[in-house]
Amino acid sequence: MPGRKFWIPLLLLAAYFGGRAWYFSPNVSSDEFAKDFTAIRADGKSFTLTELRGNYVLLDFWGSWCGPCRRESPGLVQLHETMGDQLIIVSVAIERDSTAWQRALIQDKKTWPYQVMDYTKSFKFLGGNIAGMYGVKQVPTNFLIDPDTGVVGVNVPLDEIPHLIGIGASGAPTSHNTDL
């Protein structure tokens, strides 16, 4: 039977990884309603999330400074191109500098209208207003929101979204719709 020298480090590792998972998980989960916010888009127009009610919405938190976020951008562009009529993407960039954000939008070819910047003083804590409302503590993080503003998925892989909302990759409706 293993001794104390075995169990103490094992318990410490479990506590570390459990605490880390708890800390980094958003505070809005599936089966909740999306929290409304008002923001200014990159084109200078104001909008509220509730204006998009009646549509599926992918609320995507990212940053121009975030390597994994930038690597995910081509998948978001493809999703927008193939599902633009069935899914609205709202990209929330957590940034300290609007110039870097604007440059990343152009470089990554993010052309959909709902691009907003959530100003933060610290990338360590991602303290923007919208990120704080959703409990975002790491990026990329996304929330799939149904037409009734219910959150149906958190951190949904982009390639699963068409199937979750009942639309095949071709844009045609599928015969089934699964929930997370």
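Everything below is about the structure printed above this text.
How each quantity is defined
Residues numbered from 1 in each chain as written. Predicted model: local features only at pLDDT ≥ 70, side-chain atom pairs only at ≥ 80, totals over all residues. Heavy atoms only, no water. Pairing = 2+ DSSP bridges. Helix = DSSP H or I, 4+ residues; strand = E, 2+ residues; numbered from the N terminus. Phe/Tyr/Trp six-rings, centres within 6.5 Å; stacked < 30°, edge-to-face > 60°. Buried < 20%, exposed > 50% of the residue type's maximum accessible area, 1.4 Å probe, protein only.

Peer 1: Could you give me a rundown of the pairing of strand β7 (residues 151-154), with the residues and numbers involved?
Peer 2: Relative to β7, strand β6 (residues 141-145) runs antiparallel, the two being bridged by three bridges. From the neighbouring strand, Ile 145 faces β7, where its bridge partner is Val 151. The hairpin formed by β6 and β7 contains five residues between the paired strands, and Thr 149 there has a positive phi angle of roughly 70°.

Peer 1: Could you give an account of the packing of aromatic side chains, naming the residues involved and the relevant values?
Peer 2: Inspection of every chain in the model, using the stated rule, returns six aromatic pairs. Centroid distance Phe 47 to Tyr 114: 4.9 Å. Interplanar angle 65°. Geometry classified as edge-to-face. Highlighted residues: Phe 47 in strand β2 (residues 46-48) and Tyr 114 in the loop between α3 (98-107) and β5 (115-119), separated in sequence by 67 residues. Overall, Phe 47 belongs to the buried group, its relative accessible area being 1%. Centroid distance Tyr 134 to Phe 143: 5.0 Å. Interplanar angle 55°. Geometry classified as tilted. The same class applies to Tyr 134 and to Phe 143, which are both buried. Site record: aromatic cluster; members linked through ring pairs are Phe 37, Phe 47, Phe 61, Tyr 114, Tyr 134 and Phe 143.

Peer 1: Explain unusual backbone geometry residue by residue, including any values.
Peer 2: For the bond running from Val 139 to Pro 140, omega is 0°, close enough to zero to count as cis. Take Pro 140: it is sitting in the loop between α4 (129-134) and β6. Backbone geometry at Lys 109 places phi at a positive 60°, although glycine is not the residue there. Within the secondary structure, Lys 109 sits in the loop between α3 and β5. The residue Thr 149 is not glycine, and still its phi comes out positive at about 70°. Note on placement: Thr 149 falls in the loop between β6 and β7. Taking relative accessible area as the criterion, Thr 149 reaches 16% and is therefore assigned buried.

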